[in-house]
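Here's the letter readout for the chains.
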Amino acid sequence: MSLSRDYLKMMNKEILEHEYELWLEEAEKTSGRNLLDPFLKFRDREDVNEDFADECRRNVIRRRYKKELHSSYSEDNPIVSVIIPTYRRNEFIRESVGSVLQQTFKNFTLMVINDGGSDELEDILRTFKDNRIEYFKVPHRGLSRALNIGLWASGSKYISYLDDDDIYYPEHLESLVTLLEEKNLEVAYSDTYCVRQEKRDDQYITLEKELYSKDFDPPMMLVRNCILAPLAIMHRRDCLKSVGYFNEKLPVVMDWDLWAHMAQKFKFNHVKKPTGEYRVRTDGTNISSNRMKMKVYSDTLRLYLMNKYLIQKLPDLMSQGDSGYAADLLKVYLGEYPCSVYYHFLQGICYIKSRRFYYGLKAFNRGFNYFMQPFWDDINYMGEVILEKVMGKK
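Rules and cut-offs
Residues numbered from 1 in each chain as written. Predicted model: local features only at pLDDT ≥ 70, side-chain atom pairs only at ≥ 80, totals over all residues. Heavy atoms only, no water. Helix = DSSP H or I, 4+ residues; strand = E, 2+ residues; numbered from the N terminus. Buried < 20%, exposed > 50% of the residue type's maximum accessible area, 1.4 Å probe, protein only. Contact = heavy atoms within 4.5 Å. Areas by Shrake-Rupley, 256 points an atom, 1.4 Å probe, with all protein chains shown as cover. Pairing = 2+ DSSP bridges. Expected span 1.5 Å × (residues − 1). Axes fitted to C-alpha atoms, helices over the stretch in contact; angles between N-to-C directions. Parallel < 35°, antiparallel > 145°, perpendicular 65-115°, else oblique. Left-handed = near helix turned anticlockwise from the far one by under 90°. Nonpolar A, V, L, I, M, F, W, Y, C, P; charged D, E, K, R; others polar. Phe/Tyr/Trp six-rings, centres within 6.5 Å; stacked < 30°, edge-to-face > 60°. Lys NZ or Arg CZ within 6 Å of the ring centre and 35° of its normal.

*Asks:* What is the right way to read the overall build of the protein chain from this model?
*Replies:* Each helix and strand counted, the protein chain has 13 helices and 10 strands in total. When the 394 residues of the protein chain are sorted by exposure, 48% land in the buried category. Sequence-distant contacts in the protein chain: of pairs separated by 6 or more residues, those separated by 24 or more amount to 73%. Accessible area for the protein chain stands at about 21100 Å²; split by element, carbon and sulfur atoms hold 52% of it.

Quick look at the structure:
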């Protein structure tokens, strides 16, 4: 008697979930950070398709890390999952959670990921008495892993993010969901206020409030993060199938990395109104307060993104007759790395091929000047040495 297809699928599901659970147990035993997602080992298996494996991973993550706050919680997937990762910042998270629960759009779940912090957070979340809050307690593996846990555990159509010290305005979710749903879009982002705060008498006082509003420019996303804060963005969860998840090797700028990959495949649609606040405090309690770390990782990521999406695309663009576009992309690259002599000359060739002769000659001139600069410096130095000897003899 042959086994039914449903029975075989159920057996495969149990085996896959068991194997994944074993991998998670092994990962938790090590003190190392940024471990590779065990799910990657299943990608090449012929008996596992992506959606099926995704469902298995979601089941294991929720079973292993989710803590029940309310007995009345419903397992139905809401349309939006809001992910708040947090680590030992209980003094800020109450306001952040409250801002999500006060949304005019109600069909969401709030996923709070405790990245190895204290159990006090669970008590704080219980005080809200709201069954839309889902609480996950995971071993400390850093911000990227905490974000990924939220993504893997979510079954919603859309994903939204919020740092544990920032806030949404009441119409944030409604504004973004409305745009995405009405026009069947993949990614949307809103304007954000950058709020600078200072601690006085055990309270944070707002010193300055500046609006951040910029139209999206995909090539510039390779140079700098055009999205001020993760809270501004909402995207379809299935976008992650083509771009992957947060890079767990990055302790900072992991959001810029993911947005930059998304920007090469999806259009970012702008909601031109402020729907949240990104807080910057003078006492260094922000995640991004370590400027040296931010600079090192930003410079490294910028070079990687430019080489992956700009420099490596140039031969194809030139062969396809898109020399003008190639020249414009090189302008972005040379704006950050102006001493790259080879690319000045290459930009000149692209301009000439696209019949922009004036700009081509200027690019050749810049390349020649950067090429000759070391020789001019040597000549000037030798001239100074000779002049000193001559003047000394006199």
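Now, onward.
*Asks:* Quick question: what am I supposed to make of the pairing of strand β4 (residues 133-138) here?
*Replies:* Put simply, side chains in a regular strand alternate between the two faces of the sheet. Within β4, five of the six residues are buried, which leaves it mostly tucked inside the rest of the structure. Alignment of strand β1 (residues 66-67) against β4, held across two bridges, turns out to be antiparallel. Counted as the bridge partner of Lys 66 is Phe 136 from β4. Two elements, strand β3 (residues 108-115) and β4, share six bridges in a ladder whose sense is parallel. Bridging across to β4, Ile 113 finds its partner in Phe 136.

*Asks:* So what exactly am I meant to see when it comes to the environment of Glu 208 here?
*Replies:* Note that Glu 208 resides in strand β8 (residues 203-212). Residue class for Glu 208 comes out partly exposed when judged on its relative accessible area of 38%. When the C-alpha positions of Glu 208 and Arg 196 are compared, they lie 5.2 Å apart, and in sequence the two are 12 residues distant. For Glu 208, the contacting residues outside a window of four places in its chain are Cys 194, Val 195 and Arg 196.

*Asks:* Looking at this model, I keep getting lost on helix α11 (residues 323-336). Mind explaining?
*Replies:* The α-helix winds at 3.6 residues per turn, so residues separated by three or four positions along the chain end up facing the same way. Over its 14 residues, α11 extends 20 Å from the first C-alpha to the last, a length consistent with the 20 Å expected when each residue adds 1.5 Å. Buried within α11 we find Ser 323, Gly 324, Ala 326, Ala 327, Leu 329, Leu 330, Val 332, Tyr 333 and Leu 334.

*Asks:* Got a minute to help me understand the packing of helix α9 (residues 291-309) against α11 in this structure?
*Replies:* Any two packed helices are characterised by how steeply their axes cross, that is the angle between the axes, and by the distance between the axes. Two elements in contact, α9 and α11, have axes separated by 11 Å at closest approach and are oriented at 155°. By the criterion of interaxial angle, the relationship of α9 to α11 is roughly antiparallel. The two elements α9 and α11 cross, and the hand of that crossing is left-handed. Here Arg 302, Leu 303 and Met 306 of α9 come into contact with α11, specifically with Val 332, Tyr 333 and Glu 336. Each residue belonging to the contact of α9 with α11 can be placed in one class, and the counts come to four nonpolar, no polar and two charged.

*Asks:* How should the pairing of strand β10 (residues 268-281) be read in this particular structure?
*Replies:* In terms of burial, β10 is largely enclosed, as 10 of its 14 residues are buried. Here two bridges tie strand β6 (residues 167-168) to β10, and the two strands are oriented antiparallel to one another. Residue pairing in the sheet places Ile 167 in a bridge with Glu 277 of β10. Pairing between strand β7 (residues 187-200) and β10: 10 bridges, direction parallel. Paired with Tyr 193 across the strands is Glu 277, a residue of β10.

*Asks:* What am I meant to see in helix α6 (residues 172-183) here?
*Replies:* Taking 1.5 Å per residue as the helical rise, α6 with its 12 residues ought to reach 16 Å, and the 17 Å between its terminal C-alpha atoms agrees with that figure. Among all positions of α6, only His 172, Leu 173, Ser 175, Leu 176, Val 177, Leu 179 and Leu 180 are buried. Note on α6: the residue one or two positions beyond its end, Asn 184, has a positive phi of about 55°.

*Asks:* Looking at this model, I keep getting lost on the packing of aromatic side chains. Mind explaining?
*Replies:* Centre-to-centre distance and the angle between the planes together describe a pair of aromatic rings. Following the criterion strictly, the structure yields 14 aromatic pairs and no others. Where Tyr 161 meets Phe 246, the ring centres are 5.7 Å apart and the plane angle is 90°; that geometry is what we call edge-to-face. In this pair, Tyr 161 sits in strand β5 (residues 158-161) while Phe 246 sits in the loop between α7 (240-243) and α8 (254-263), placing the two residues 85 residues apart along the sequence. No difference in accessibility class separates Tyr 161 from Phe 246, as the two residues are buried. Each ring, one from Phe 345 and one from Phe 364, has its centre 6.1 Å from the other, and the planes form 35°; the classification is tilted. Of this pair, Phe 345 sits in helix α12 (residues 341-353) while Phe 364 sits in helix α13 (residues 357-393), and the two are 19 residues apart along the sequence. Assessed through its relative accessible area of 26%, Phe 364 is described here as partly exposed. Among the aromatic residues, ring-to-ring pairing joins Tyr 333, Tyr 337, Tyr 342 and Tyr 343 into one connected group. For the cation-ring pair, Lys 209 lies above Tyr 193, with the distance from its terminal atom to the ring centre recorded as 4.7 Å.

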